[in-house]
Amino acid sequence: MKKNNKLKFKRALAVILAFTMLMSVTACRTPNEFYHEVILGETVGNKPKKDKDKDKEDKTTEEATEDDASLNEPEPEYADTENEEFEDFLWEYFKDNVTSDTLNYKSLIASRDSYPDIQMEEATLGDARMDAEAIEESKEKDNETYEKLLSFEDAELTEDERFTFECMKRDMEINLHIYDNIYLYEPFSPGRGAQENLTSNFTDYTFDNKQDVDDYITVLGQVREYFGDLIEFEYEKSEKGYFMSDAVADKVIEQCEEFTKSKDDHVLVTDFDERIDAVDFLSDEEKEEYKEKNKDLILNVVIPSYDDLKSCIEELKGTGKNDGGICGFEGGKDYYRDYYFPKFSGSAKTPEEEIKIMDERWDNLLVELSSIYYSNPDAYDWAVEHGDEAFATYDEMDVEDLVNHLQEKYMDDFPIDEKIPFDIKFMSDSVSKISENTVAYYQVCPVDNPNKNLIVVNPAYEDDRFNTLAHEGTPGHMFQFWYFRNTNPNPGRQVAFNLGYIEGWAVYASYQTQDNCDFEGENEYGSIVGKIMRIDTDLNYLMLGRADLGVNYEGWGVDELAEYLTGKVAEGSEKEVAADLITSLSGDPGLYLSYTTGFYEMEEMREYAEDKLGSKFDAKEYHKVILDAGPCQFELLKKKVDKYIKENR
């Protein structure tokens, strides 16, 4: 079974757009009602309001003891020299990951000369077989890798090697849960599926030499076989009672129709032609030959692949036995708890603990809004009435200029002394429609060239670009990967892609930027409005994350979700929004956990460090610790933060 690292990190929105939550929340209450309900706690969702300060005081003795114990533990002893056998293991692990398929190789390795010992024997889209034999082979291989890793548990390792061991061990333990019930895995999910990502995977592929073009043509010719293997799995899922709901099926069918409606002017034809014309290593005759080959493959292989998928989904539509979240399947709740939740959130908490955190956070954010209202009611009222105008100046800026502006203006608290090079690319109209829920994405820089950075922007979204590009660019994804690649991490860490850490950082970093935005003096309320808009964004993410847990772990249907949405979306739209959200969240379980829970873990870590260090806390040094660690589970990141605290308190 093929399991690639996801090398594009997106800022995705479902049915809720930024700056709508604030107006929905406040529309339910007059300022006086808001004061009595939120501040005095007379009625908050028919529950008594919790005292935020008292919650802090009520932190259990057990939790406090755990914190103190972690800070008082003696530093482990580490080897002075690298363990050659372990380094060999990391190298083989890196090699296996990089060469899993040609698109992955090309994304991670900018130049074949960088790693002469790592070459693709032949161009391949990868092994997509998901029959019983292939799944068993994949499971056996993953277990063998895990057992090999465990053989180093008692070995003498350097500090860096020990951290790498712990990170890989935890990641492998989570990933092995995918086999608990493989039929709960969906290769054609609307948000993460093969059909959704194929276009950008090919349009982002770069042509640096003739071999790149030949490899591109080869793997393009494998798309139908690749889809065919996954389509066979859909029939088996249906037979076993695990096929997608009709609503999710309709979404996949719609994506296929959008992809196939263009023929001669298909995006994969026009995009290829433009890029081939731009290269200088092919003759005019060779360029025309490649254009003809590509067009033939698009018309006779790739488009028919989507027709095959559409026919399959249409045929199987109606065989699904669950219209709700993944917990509606037998074993689905355990699967979500053991696989989806830790994989996409990066958190060691349980779903129940996270639900409690989210429910309390909602009340606390409303308290924060109320505090802003009573300290500056004019700024608050302006944000409610003109929130969509708050960042208008930035939305009108050239995208490249805005990314440069974010680098120049908002990086004082981050460990960087130079400008990060980057390129901007806009999606074509066709790609934009296929990826309608993607606002923008960052294409991760290669291992051997941190300066090769690409941000792809969906031109259909012309607002909220300040926050989007802070998330995708600096101080978000582009900065975190550029920085980490430049620390020259070992091979095992180079292919680590923990989504909770990655998206958690991007949300955290963009919020830091949003809080500090002064609108270049064009708005009289300055950074206060930035803080209000940040809370509004937080409320949106929070609602989506909580809905994910409600739908996929607690089994919320339309009525339960609509009840939760009451007062959070426009009055009268609750059931419509609930139905759309259930389709989105059941189709891609855990989709928003990386943004919500990932951020909450980042925020909790920051507050923990500030609490322990007080006046000795330094934001830039703290951020360096987080970024030096690189993508990992938060329980392991805390060990790095504990060390930083012990060295500076």
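Residues numbered from 1 in each chain as written. Predicted model: local features only at pLDDT ≥ 70, side-chain atom pairs only at ≥ 80, totals over all residues. Heavy atoms only, no water.

J.: What should I look at first to understand the environment of valine 641 in this one?
T.: Looking at the secondary structure, you find valine 641 in helix α30 (residues 634-648). Sequence separation between valine 641 and valine 625 is 16 residues, and the spatial gap between their C-alpha atoms is 6.8 Å. In this view, valine 641 contacts Met605, Tyr608, Ala609, Tyr622, Val625 and Ile626; residues no more than four positions away in its chain are not counted. (Helix = DSSP H or I, 4+ residues; strand = E, 2+ residues; numbered from the N terminus. Contact = heavy atoms within 4.5 Å.)

J.: Explanation requested: the packing of aromatic side chains in the structure shown.
T.: Remark: the centre distance and the inter-plane angle together describe each pair of aromatic rings, the angle taken between the planes. Here the structure, examined in full by the defined rule, presents 43 aromatic pairs. Their ring planes at 80° and their centres at 5.2 Å tell us that phenylalanine 207 and tyrosine 216 sit as a pair that is edge-to-face. Side by side, phenylalanine 207 and tyrosine 216 carry an identical accessibility label, which is buried. Chaining the aromatic ring pairs together yields one cluster made of Phe414, Phe479, Trp482, Tyr483, Trp505 and Tyr508. Sitting above the plane of the phenylalanine 165 ring, arginine 162 keeps its charged end 5.2 Å from the centroid. Taking the ring centre of tryptophan 362 as reference, the NZ or CZ of lysine 568 above it sits at 4.8 Å. (Phe/Tyr/Trp six-rings, centres within 6.5 Å; stacked < 30°, edge-to-face > 60°. Buried < 20%, exposed > 50% of the residue type's maximum accessible area, 1.4 Å probe, protein only. Lys NZ or Arg CZ within 6 Å of the ring centre and 35° of its normal.)

J.: What's the story with helix α22 (residues 477-485) in this structure? I'm lost.
T.: An α-helix turns once every 3.6 residues. As a result, residues three or four positions apart point the same way. In terms of residue burial, α22 counts as a mostly covered element, since nine of its nine residues are buried. Among the residues of α22, those classed as buried are His477, Met478, Phe479, Gln480, Phe481, Trp482, Tyr483, Phe484 and Arg485.

J.: Teacher, can you tell me more about the nonpolar core here?
T.: For soluble globular proteins, nonpolar side chains are generally found buried alongside one another. If you look at the biggest cluster of nonpolar residues, it comprises 191 residues, and the most contacted ones within it are Phe202, Phe227, Phe479 and Leu561. The dominant element in this core, judged by the number of residues it contributes, is helix α25 (residues 527-552), at twelve residues. Excluding residues that lie within four positions of it along the chain, phenylalanine 227 makes contacts with Phe188, Ala194, Gln195, Leu198, Ser305, Tyr306 and Leu309. (Core = buried A, V, L, I, M, F, W, Y, C linked by side-chain atoms within 4.5 Å.)

J.: Would you mind going over the environment of serine 111 with me for this structure?
T.: Note on placement: serine 111 falls in the loop between α6 (102-108) and α7 (132-150). Owing to a relative accessible area of 28%, serine 111 belongs among the partly exposed residues under this scheme. Residues serine 111 and valine 447 lie 336 residues apart in sequence; the distance between their C-alpha atoms is 9.8 Å.

J.: Teacher, can you tell me more about the pattern of salt bridges here?
T.: A side chain of one charge can pair with a side chain of the opposite charge if their charged atoms are brought near each other. In the structure shown here, the tally under the stated rule is 41 salt bridges. Where arginine 170 meets glutamate 173, a salt bridge forms, and the shortest distance between an N and an O atom there is 3.6 Å. One end of the pair is arginine 170 and the other is glutamate 173, both in helix α8 (residues 159-175) and three residues apart, which spans about a single turn. Given the relative accessible area of 23%, arginine 170 is considered partly exposed. Given a relative accessible area of 23%, glutamate 173 falls into the partly exposed group. Linked through salt bridges whose partners overlap, the residues forming this network are Lys106, Arg112, Asp208, Asp212, Asp215 and Lys452. (Salt bridge = Lys/Arg side-chain N within 4 Å of Asp/Glu carboxyl O.)

J.: Just to check I follow, could you spell out the packing of helix α24 (residues 499-515) against helix α29 (residues 619-629) for this structure?
T.: When two helices pack together, their arrangement is given by the angle between the helix axes and by the axis-to-axis distance. Between α24 and α29, whose axes approach to 12 Å, the crossing angle comes to 155°. As judged from the angle between their axes, α24 and α29 are roughly antiparallel. For the element pair α24 and α29, the recorded crossing hand is left-handed. Together, Tyr501, Trp505 and Tyr508 of α24 and Tyr622, His623, Ile626 and Leu627 of α29 make up the contact between the two elements. Tallied by class, the residues present in the contact of α24 with α29 amount to six nonpolar, one polar and no charged. (Axes fitted to C-alpha atoms, helices over the stretch in contact; angles between N-to-C directions. Parallel < 35°, antiparallel > 145°, perpendicular 65-115°, else oblique. Left-handed = near helix turned anticlockwise from the far one by under 90°. Nonpolar A, V, L, I, M, F, W, Y, C, P; charged D, E, K, R; others polar.)

J.: It is not clear to me how helix α21 (residues 465-472) should be interpreted in this structure. Could you clarify?
T.: Burial analysis of α21 places eight of its eight residues in the buried class, the great majority of the element. Within α21, burial applies to Arg465, Phe466, Asn467, Thr468, Leu469, Ala470, His471 and Glu472.

J.: Sorry, what's going on with the pairing of strand β3 (residues 438-443) here?
T.: For a regular strand, the rule is simple: side chains alternate between the two faces of the sheet. Counted residue by residue, β3 has six buried out of six residues, so it is predominantly covered. Relative to strand β4 (residues 454-457), β3 runs antiparallel, the two being bridged by four bridges. Within the sheet, the bridge partner assigned to tyrosine 442 lies in β4 and is isoleucine 455. (Pairing = 2+ DSSP bridges.)

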